[in-house]
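Structural description and commentary
The lines below spell out each chain.
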Amino acid sequence: MDRKVKEQILAVRDTGLTNMFDTRAVQRIAYDMNFYELVVFLEEHRDKYVRFILTGEE
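We now turn to the structure provided with this report. (Residues numbered from 1 in each chain as written. Predicted model: local features only at pLDDT ≥ 70, side-chain atom pairs only at ≥ 80, totals over all residues. Heavy atoms only, no water.)

1. Quick word on helix α3 (residues 36-44)
Burial in α3 covers these residues: L38, V39, F41 and L42. All buried residues of α3 fall inside an arc of 165° around its axis, so they share one side. Buried residues in α3 make contact with α1 (3-15), α2 (23-32) and α4 (46-55). (Buried < 20%, exposed > 50% of the residue type's maximum accessible area, 1.4 Å probe, protein only. Helix = DSSP H or I, 4+ residues; strand = E, 2+ residues; numbered from the N terminus. Arc of directions from axis to C-beta. Contact = heavy atoms within 4.5 Å.)

Shown next as structure tokens:
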């Protein structure tokens, strides 16, 4: 996970609009915020995303 995707995850989290485990909602919010790298990352690396949300580790 690169720095840009990590920053985008944290920005979506900071909105407080969804539970971060609702990955479809996270994708929708990311898309609305023009975070296309995060949208693609969730499609290709959902396991890495969940690990980051659970542990803070990349």
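2. Concerning the pattern of salt bridges
Proximity of charged atoms lets side chains of opposite charge pair with each other. Going through the model one piece at a time under the given rule, you end up with 6 salt bridges. We note a salt bridge from E7 to R3, for which the minimum N-O separation is 2.9 Å. One end of the pair, E7, and the other, R3, are both in helix α1, 4 residues apart, so they sit about a helical turn from each other. A relative accessible area of 43% places E7 in the partly exposed class. Judged by its relative accessible area of 61%, R3 falls in the exposed class. One salt bridge connects K6 with E58, and the closest N-O pair in it is separated by 3.3 Å. Of this pair, K6 sits in helix α1 while E58 sits in the segment after α4, placing them 52 residues apart in sequence. Sharing partners across several salt bridges, the network here consists of R24, E43 and R46. (Salt bridge = Lys/Arg side-chain N within 4 Å of Asp/Glu carboxyl O.)

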